[in-house]
Amino acid sequence: MTNNLNNLSKETLLEAYTSMRTIREFEDRLHDENATGDIPGFIHLYSGEEAVAVGVCTNLGDKDYITSTHRGHGHCIAKGCDVEAMMLEIFGKDQGLCRGKGGSMHIADLDRGMLGANGIVGGGPPLAIGAALTAKTLGTGGVGLSFTGDGGSNQGLTFEALNMAVVLKLPMVFVFENNGFGEGTGHDYAVGSRDIAGRAAGFGLPAVKVDGTDFFAVHKAAKEAIARARAGEGPSVIECVTNRFYGHFEGDPGLLRSKEEVEQIKATKDPLVHFRAKVKDVLDDKTLDKIDQDIKAKIDAAVAVARAADYPDVSQLLTDVYVSY
């Protein structure tokens, strides 16, 4: 069964909503759990940006590789990483995706094509073009794709990656998530041209700007860019204008925006609310409400497992830290 919503099947729409709802429930729950002091390290939440990760990753498969940012949970979930193993990792437990050593900011799952969250601002694009070069060299038909924030869009490594992708005509997509702030610095101040997509186009590749709160706008742009990459036509850029519901990190006093502004954003720019409104003729509220309930139970169970699990033994301190060639 198809519809006029990007010609996506009902099943795909259900999967997309489930993925976005999982991200929201996962992040909102971490917001509460982090306040107990039981989670090590910093946490940067993705609530409010779900349409970007899911809109993009719905077009990707197992042979495609992504890189992320310090705000990486949403990208992990959208790429198909196991939610329970993610929760275990964030709690620093031995059964986590990275045996408890990556934590929130360096969570990764190579089996799912998730090359890792990255504490280095702008550190993802150079890694992703490596994956794209591998795909081109081996003829796998896969693509490399990087998620980068508006702050990371200013980094020299990002510029070098854009240029190299064009020069080598790599199957690469650069996704810039512009939520308005690079930590505490506004986009309009830090980006000289005030136009991430327009600046990127100067490197000689197609670049578009879309509404990052609209799953269907993101999905359409990503589908076109990924198809272009697979066809051997080279890299593309997508700038997604979006919003984060929480501060830069958990513990951020959030003085950049008033409480009223944040509440207004939540009330008018929630990607899940927008999605439900657009699919109302295809998916009924009862079905979507049931997904909400099931996801909440799934996250509850993941937290319970993570809290009860063991930390890595001290004997594992140097395991998976150094590679011997």
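Residues numbered from 1 in each chain as written. Predicted model: local features only at pLDDT ≥ 70, side-chain atom pairs only at ≥ 80, totals over all residues. Heavy atoms only, no water.

Caption draft 1: Representation of the side chain of Ser236 in the model. Considering the arrangement of structural elements, one finds Ser236 in strand S7 (residues 236-241). Beyond its immediate sequence surroundings of up to four residues, Ser236 is in contact with Met172, Val173, Phe174, Leu205, Pro206, Ala225 and Arg228. (Helix = DSSP H or I, 4+ residues; strand = E, 2+ residues; numbered from the N terminus. Contact = heavy atoms within 4.5 Å.)

Caption draft 2: Spotlight on the packing of helix H2 (residues 50-57) against helix H9 (residues 215-230). It is at 8 Å that the axes of H2 and H9 come closest, and there the two elements cross at 35°. For the crossing formed where H2 meets H9, the hand is right-handed. Together, Ala51, Val52, Val54, Gly55 and Val56 of H2 and Phe215, Val218, His219, Ala222 and Ile226 of H9 make up the contact between the two elements. (Axes fitted to C-alpha atoms, helices over the stretch in contact; angles between N-to-C directions. Left-handed = near helix turned anticlockwise from the far one by under 90°.)

Caption draft 3: Spatial organisation of the side chain of Glu49. Position of Glu49 relative to the elements: it lies in the loop between helix H1 (10-34) and H2. No salt bridge is formed by the buried Glu49; its nearest oppositely charged neighbour, Arg71, is found at 4.2 Å. Within polar-contact distance, the side chain of Glu49 engages the side chain of Asn179 at 3.1 Å. When neighbours within four sequence positions are excluded, Glu49 is seen to be in contact with Arg71, Glu177, Asn179, Thr242, Asn243 and Arg244. (Buried < 20%, exposed > 50% of the residue type's maximum accessible area, 1.4 Å probe, protein only. Lys, Arg positive; Asp, Glu negative; His and termini not counted. Salt bridge = Lys/Arg side-chain N within 4 Å of Asp/Glu carboxyl O. Polar contact = N/O pair within 3.5 Å; in protein donor to acceptor, adjacent residues only side chain to side chain.)

Caption draft 4: The pairing of S7, seen in detail. In terms of residue burial, S7 counts as a mostly covered element, since five of its six residues are buried. As defined by bridge partners, strand S3 (residues 172-178) adjoins S7 across six bridges and the pair is classed as parallel. Bridge pairing in S7 places Glu177 opposite Cys240. As judged from the five bridges shared by strand S6 (residues 207-211) and S7, these two strands associate in the parallel manner. Counterpart to Val208 in the pairing with S7 is Ile238. Between the parallel pair S6 and S7, the chain is carried across by H9, and the sense of this crossover is right-handed. (Pairing = 2+ DSSP bridges. Right-handed = clockwise from strand over helix to strand, strands pointing away.)

Caption draft 5: Molecular detail of helix H4 (residues 83-90). Counting buried positions along H4 gives seven out of eight residues, so the element sits mostly inside the fold. For H4, every residue scored as buried is listed here: Val83, Ala85, Met86, Met87, Leu88, Glu89 and Ile90. Residues of H4 that are buried in the fold lie against H1, helix H3 (73-78) and helix H12 (285-308). Where H4 begins, one side-chain oxygen reaches toward the backbone nitrogen of Glu84, 3.2 Å away; that side chain belongs to Asp82. Just downstream of H4 lies Gly92, where phi reads positive at about 75°.

Caption draft 6: Seen up close, the UniProt feature "domain: Dehydrogenase E1 component" (unreviewed entry) in the protein. Sequence positions flagged by UniProt for "domain: Dehydrogenase E1 component" (unreviewed entry) are, in local numbering, residues 19-314. The annotated region residues 19-314 carries 45% helix and 10% strand content, and the separation between its end C-alpha atoms amounts to 35 Å. (UniProt positions renumbered as here; feature names shortened; annotations may be inferred.)

Caption draft 7: Expanded view of the state of the cysteines. As enumerated under the stated definition, the model contains zero disulfides in all. As a non-bridged cysteine, Cys240 has Cys57 as the owner of its nearest cysteine sulfur, 11 Å distant. Residue Cys240 is classed as buried on the basis of its relative accessible area, which comes to 0%. (Disulfide = S-S within 2.5 Å.)

Caption draft 8: Representation of the sheet that holds S7. The strand order S1-S2-S3-S7-S6 describes an open sheet built from five strands, whose pairing is parallel. Whereas interior strands pair on both sides, the edge strands pair on one side only; in this sheet they are strand S1 (65-67) and S6. On average, adjacent strands in this sheet sit at an angle of 20° to one another, irrespective of strand direction. Here H2 sits on the sheet and contacts S1, strand S2 (144-149), S3 and S7; the angle it forms with S2, its principal contact strand, is near 170°.

Caption draft 9: Spotlight on the pattern of salt bridges. On inspection of all chains with the given rule, the structure shows 18 salt bridges. In this structure, Asp270 engages Arg24 in a salt bridge whose closest nitrogen and oxygen atoms are separated by 3.0 Å. Taken together, the positions of Asp270 in the loop between helix H10 (259-268) and helix H11 (271-278) and Arg24 in helix H1 put the pair 246 residues apart, joining distant regions of the chain. You can call Arg24 buried: its relative accessible area is 6%. One salt bridge connects Arg230 with Asp64, and the closest N-O pair in it is separated by 2.7 Å. Remark: Asp64 occurs in the loop between H2 and S1 and Arg230 occurs in helix H9; sequence separation between them is 166 residues.

Caption draft 10: Examining the nonpolar core more closely. Counting 66 residues, the largest nonpolar core has Leu13, Phe26, Met87, Leu145, Phe215 and Phe275 as the members making the most contacts within it. When residues in this core are grouped by element, the largest group, eight residues, is from H9. If sequence neighbours within four positions are ignored, Phe275 has contacts with Leu13, Ala16, Tyr17, Met20, Phe215, Phe216 and Leu283. Counting 15 residues, the second largest nonpolar core, distinct from the first, contains Ala128, Ala161, Met172 and Ile196. (Core = buried A, V, L, I, M, F, W, Y, C linked by side-chain atoms within 4.5 Å.)

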